[in-house]
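Structural features, examined
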Amino acid sequence: MKIKVGDNVKVITGSNKGKEGKVLKIFRSENRVLIDGVNIVKKHVKPNRQNETGGILEIEAPIHISNVKVLEKKKEAKKEAKKEVKEKIITSAAFFGKGSFALAFEGKELTDMDALYEAGVRGFTDDGIPLMDEKLVEEAMKKAKELDVPISLHEEDPAYIKQPGVNQGKVSEQLNYGGASYMAEAVMVKRDCELAVKTGAKVDIQHISSGVAVDYVKEAKDRGANVYAEASPHHFTLTEEAVLKYGTLARMNPPLRTEEDRQRIIKGLQEGTIEIIATDHAPHSKEEKDKPLDQAPSGITGIETSLALGVTELVEKGYLSMMQLLEKMTINPAKLYNMEQGRLQEGKLADVVLFDPAEEWEVKEYKSKATNSPFTGWKLKGKVKYTICDGKIIEL
């Protein structure tokens, strides 16, 4: 029996069993891979068409509260904060799932994590501003452990950064640029891994960039810490040498480091020390990135190339199997945030991505309004063909 578009059909399994409807689309999936939507655990902008291009269907990103200090103990303040949190989560629910919120105001006072959790928040972050107060971080971890939610941390100690965005080493010396030492990351990761061991909290080390930091995470895991680590595609693909070729398009925080660091990150992905691949998507305008190296903002747009870079740099080169790559981009991020997404399973949401792992394509046109990527012009393997999210089918 052949089914065609327009046919009336009845669902025979899952949560919609017994319901009837019409066939809207038939997918020809020979030599293609069907996966649950790719999850992002860090991103700096609101979702749009670029997400579908990269196969991104679920996003964990900081949602900010404005003009409401949840710290205040007054009931009305808490009530208003909870109302604003709920409104922001509801208005962004289609893409953001559960929200994450900044841990502290100006890095000095802890937010009311109980009130935010009650309002629906399921993760907390320093949102790119490292928390230097160790006691504050420990207090936050204890509360996160109590609430069973993760804390995600950007690990850079400003004391070891002369100028941000470029690794402190031979390239920074060649450019007469101060640079950021690997120690900026290492000392923070060491501290927070120790606190994770002490508190038992679920801690996410974001966009890890140095081999020393990977070693610290591995040591903490061996001691029983509930520590997760992320690697971004640019950190397992490029080194500090890229700054000489791509200029400000290769400026990012934390910076691209040495080939030794890159190889240790890949090994960390292989051995399971690094469970998650995250885009660290940070779009900027051409005008911003055209500024001199010491004035341009850090970060690159990463959503549309993340899956293909994983296929090209990790699977095609034999570092990971396709299943290992997809685990790090789907189910593992979902596990971090205690989400149901990330798996193809009867009765679960059918938010899925269909991609061709063998199709080669050139990075040249972006759905994003920003094009600040060093990967423009690269030929990559792994082309997203369709996404289905919340019943919306997009052919790419």
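Residues numbered from 1 in each chain as written. Predicted model: local features only at pLDDT ≥ 70, side-chain atom pairs only at ≥ 80, totals over all residues. Heavy atoms only, no water.

1. Regarding the overall build of the chain
To be explicit about the condition: Helical segments are the DSSP runs of H or I of at least four residues, strand segments are the runs of E of at least two, and each set is numbered from the N terminus. Burial here depends on accessible area, computed with a 1.4 Å probe over protein chains only, as a share of the maximum for the residue type. Under 20% is buried, over 50% is exposed, and the range in between is partly exposed. In this analysis, two residues are considered to be in contact whenever any of their non-hydrogen atoms come within 4.5 Å of each other. Shrake-Rupley sampling with a 1.4 Å probe provides the accessible areas, and residues are treated as covered by the protein chains on show and by no other component.
Regarding its fold elements, the chain presents 15 helices and 16 strands. Expressed as a percentage of its 396 residues, the buried residues of the chain come to 54%. Counting contacts in the chain only where the partners sit at least 6 residues apart, residues at least 24 apart contribute 70% of the total. Surface summary for the chain: the accessible area is close to 18600 Å², and the carbon and sulfur share equals 49%.

2. Some points on the pattern of salt bridges
Under the convention used in this document: The salt bridge definition used is simple: a Lys or Arg side-chain nitrogen within 4 Å of an Asp or Glu carboxyl oxygen.
Following the criterion strictly, the structure yields 18 salt bridges and no others. With a shortest N-O distance of 3.1 Å, Glu271 and Arg264 are connected by a salt bridge. We classify Arg264 as buried; its relative accessible area is 13%. A salt bridge links Lys286 to Asp290; the nearest nitrogen and oxygen atoms lie 2.7 Å apart.

3. A look at unusual backbone geometry
Backbone torsion omega between Asn253 and Pro254 reads -10 degrees, so that peptide bond is classified as cis. Relative to the helices and strands, Pro254 is located in the loop between helix H10 (242–246) and helix H11 (259–271). One non-glycine residue, Asp148, lies in the positive phi region at around 60 degrees. Residue placement: Asp148 occurs in the loop between helix H5 (134–147) and strand S10 (151–153).

4. Focus on the packing of aromatic side chains
Selection rule: Only Phe, Tyr and Trp rings are paired, with Trp represented by its six-membered ring, and only when their centres lie within 6.5 Å; those with planes under 30 degrees apart are stacked, over 60 edge-to-face, the remainder tilted. Counting as a charge over the ring demands two things of the Lys NZ or Arg CZ atom: a distance within 6 Å of the ring centre and an angle within 35 degrees of the ring normal.
For the structure shown, the criterion picks out one aromatic pair. Between the aromatic rings of Phe375 and Trp378, the centroid separation amounts to 4.9 Å while the plane-to-plane angle is 85 degrees, which identifies the pairing as edge-to-face. The exposure class of Phe375 is buried, given its relative accessible area of 1%. Under the relative-accessibility criterion, Trp378 is labelled partly exposed at 23%. One cation-aromatic arrangement involves Lys221 over Tyr228; the distance from NZ or CZ to the ring centre is 6.0 Å. Above the plane of the ring of Trp361 lies Lys383, whose end atom (NZ or CZ) is 4.5 Å from the centre.

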